[in-house]
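Okay, here's what each chain looks like letter by letter:
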Amino acid sequence: MGEITIESPAGSAWPSIEDAKPDEEGGPIARVGFNYQDEIAVSFLIEMLETPALLKVHCETHDDVVLLRQNGSAQRSAEFVQVKASEQDKLWSIADISQRKNGKVGTSIFEISLGRDKHDEASTFRLVTLRPVVSGLEPLTYPCGAEGRSFDTDEMKAISAELEKRFPGIASAKGNGSSCWLENCFWDQRHSEQAVCKDNLLRLIQLSAREGRPLLPEAVEVLLQELRALAKAAGAAKWIPDRAKKIVERETVRAWWDQRTDDLATGAAASGGKLASKMEDAVLPGEVIGLAVELRRGYAAASRTSRYLEPDEAERLQRRVQSEVMSLRSRFVAGQLDLSGPEFHALCLERMDAVNAERGANVEDQSAFLKGCMYDIADRCLLRFARPV
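Residues numbered from 1 in each chain as written. Predicted model: local features only at pLDDT ≥ 70, side-chain atom pairs only at ≥ 80, totals over all residues. Heavy atoms only, no water.

A word on the packing of helix H2 (residues 35–50) against helix H7 (residues 193–210)
The criterion, for reference: Fitted lines through C-alpha atoms serve as axes, helices being fitted only where they are in contact, and the angles separating the N-to-C directions of these axes extend from 0 to 180 degrees. Under the DSSP-based scheme used, a helix requires at least four consecutive residues in state H or I and a strand at least two consecutive residues in state E, with every element numbered from the N terminus. Working definition: roughly parallel below 35 degrees, roughly antiparallel above 145 degrees, roughly perpendicular at 65 to 115 degrees, and oblique for all remaining angles. Each crossing gets its hand from how the near helix is turned against the far one by less than a right angle, where anticlockwise is left-handed and clockwise is right-handed. In what follows, residue pairs with any heavy atoms lying within 4.5 Å of each other are defined as contacts. For this scheme, ten residues count as nonpolar: Ala, Val, Leu, Ile, Met, Phe, Trp, Tyr, Cys and Pro. Four count as charged, namely Asp, Glu, Lys and Arg, and the remainder, Gly too, count as polar.
Where H2 meets H7, the axes come as close as 10 Å, and the angle between the chain directions of the two elements is 20°. Here H7 runs roughly parallel to H2, going by the angle between their axes. The element H2 and its partner H7 pack so that their crossing is left-handed. In this structure, H2 contributes Asn35, Tyr36, Glu39, Ile40, Val42, Ser43, Ile46, Glu47, Leu49 and Glu50 to the contact, and H7 contributes Glu193, Val196, Cys197, Asn200, Arg203, Leu204, Leu207 and Arg210. The residue makeup of the contact of H2 with H7, split by class, is nine nonpolar, three polar and six charged.

Things to note about the nonpolar core
Basically, it comes down to this: Nine residue types can take part in a nonpolar core, namely buried Ala, Val, Leu, Ile, Met, Phe, Trp, Tyr and Cys, and a core is a set of them joined through side-chain atoms within 4.5 Å. Whether a residue is buried, partly exposed or exposed follows from its accessible area with a 1.4 Å probe, protein chains only, as a fraction of its type maximum: under 20%, in between, or over 50%, in that order.
Val57, Leu204, Phe344, Met374 and Phe385 are the most contacted members of the largest nonpolar core, which totals 67 residues. In terms of residue count, the dominant contributor to this core is H2 (nine residues). Those residues within four positions of Val57 in sequence are excluded, and the remaining contacts are Phe44, Leu45, Met48, Val65, Val66, Leu67, Lys246, Ile247 and Val248. Core analysis: the next-biggest nonpolar cluster, separate from the first, contains 25 residues, Ala78, Phe80, Ile109 and Ile170 among them.

Notes on the pattern of salt bridges
Stated precisely, the cut-off is as follows: Just to be clear on terms, a salt bridge is a Lys or Arg side-chain nitrogen sitting within 4 Å of an Asp or Glu carboxyl oxygen.
Under the counting rule described, the total for this entry stands at 38 salt bridges. One salt bridge in this structure joins Arg126 and Glu79, with 2.7 Å as the shortest N-O distance. Here Glu79 lies in strand E3 (residues 77–84) and Arg126 lies in strand E4 (residues 122–129), a separation of 47 residues in the sequence. Three or more residues are tied together by salt bridges with common partners; here these are Glu47, Arg69, Glu79, Arg126, Asp188 and Arg190.

What about the side chain of Arg126?
Applied cut-off: Between N or O atoms, a polar contact is any pair within 3.5 Å; within protein, one atom must be a potential hydrogen donor and the other a potential acceptor, and residues adjacent in sequence are included only when both atoms are from side chains.
Residue Arg126 is classed as buried on the basis of its relative accessible area, which comes to 10%. A polar contact is formed between the side chain of Arg126 and the side chain of Glu79, at a distance of 2.7 Å. Once residues lying within four places of it in the same chain are set aside, the contact partners of Arg126 are Phe44, Arg69, Glu79, Phe80, Val81, Gln82, Phe186, Asp188 and Arg190.

Description of unusual backbone geometry
Of note, the amide linkage connecting Ile240 to Pro241 takes the cis form, showing an omega dihedral of 15°. Within the secondary structure layout, Pro241 lies in helix H9 (residues 239–246). Even without being glycine, Val283 reaches a positive phi, approximately 60°. With respect to the helices, strands and loops of the structure, Val283 is situated in the loop between helix H11 (275–281) and helix H12 (286–304). Backbone geometry at Cys381 places phi at a positive 65°, although glycine is not the residue there. As for its position among the elements, Cys381 is in the segment after helix H15 (367–379). Classification of Cys381 by relative accessible area gives buried; the value is 0%.

Considering the pairing of E4
Short version of the rule: Pairing between two strands is assigned when DSSP locates at least 2 bridges connecting them.
Counting buried positions over the eight residues of E4 gives six, a clear majority of the element. Of the strand pairs in this sheet, E3 and E4 are connected by eight bridges, and their pairing is parallel. Looking at E4, one finds that Val83 is bridged to Val128. For E4 and strand E5 (residues 185–189), the ladder comprises five bridges, and the chain directions are parallel.

Some words on the sheet that holds E4
In spatial order, the strands read E5-E4-E3-E2-E1-E6; together these six strands make up an open sheet with mixed pairing. For this open sheet the edge positions go to E5 and strand E6 (247–249), each flanked by a neighbour on one side alone. Mean inter-strand twist for the sheet, computed between neighbouring axes without regard to direction, equals 20°. Across the sheet, H2 is in contact with strand E1 (54–59), strand E2 (65–69), E3, E4 and E6; its angle to E1 comes to roughly 165°. In the packing of H9 onto the sheet, contacts are made with E1 and E6, and the angle to E6 comes to roughly 25°.

Printed below as a string of structure tokens:
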């Protein structure tokens, strides 16, 4: 395979990853089946909450995900993340990352990854895959700088020699070759979307506990849905005209986390005191708020006594309400519902009526129970009717 180089711009200055328009925007155009990638993006949003070193997360700009980091006073780094969700049922090999599309130069996974090295920030690279690697590539699954990644080891020498053989003299726009890529590339094996979801859930539970605002899994799942909606919206936005929507900053996520965990912790400690304020935030009239409070009280009474509903039926309806409001709120946060607060509240009520109607005409009407359950969820700060900011 021939040598590949990219001409440098005039002078020695390279554009920042913050300013350069992406070369292509295929991702935002084709967003079907990206749940795995979105969940990976959420894991990095959580990392922003965990560490101040991760400043920004780009969703589908110069790569599937780009992570902008600042470690101490050192130069900022940009980590270019390729997420491979559609894979063959086999182990990854050097041949896989070297395979070109229709034999065209520059189209292999390796060439594309190294080709990202053309910005002012120091470049690092990551491949996220569902399938593990062959034993010969295992050193790349160790953290960068680990002893097992030393170029003195036989394994790294073999990987380096194979890449040089396949791509002799290859260099990025900044003049860095395959050895630079090997030194700075981390192969991140995430074996299933479900595993990533569980890990994200656990990390948020642990983070809330460390910060003195411990949350139950039910509340954390709501926050995860909001993060997923944020990642989806960022991925779907176009660089022009919505560049700011594609770059999620740590300050934004941190402010959201602090506010939401405070709401949830306060709501859990003082059930019954949050519903009115949440509805006021959505600019709902006083009489509607008063009726909502009464419905929540009626639901609370019905939940404590067995004469209204059989326990299994009550639990089934509660789970259905939780599922419905989570879906609606996620679409609202993602910008898929162009509604005001009162309009969104009305839509939620309509869905409760629809759920009740689905039960059939020959069963007892439970619309008040369903709506009371919805308002109880809002009272516990797990649902908000106000338009997302």
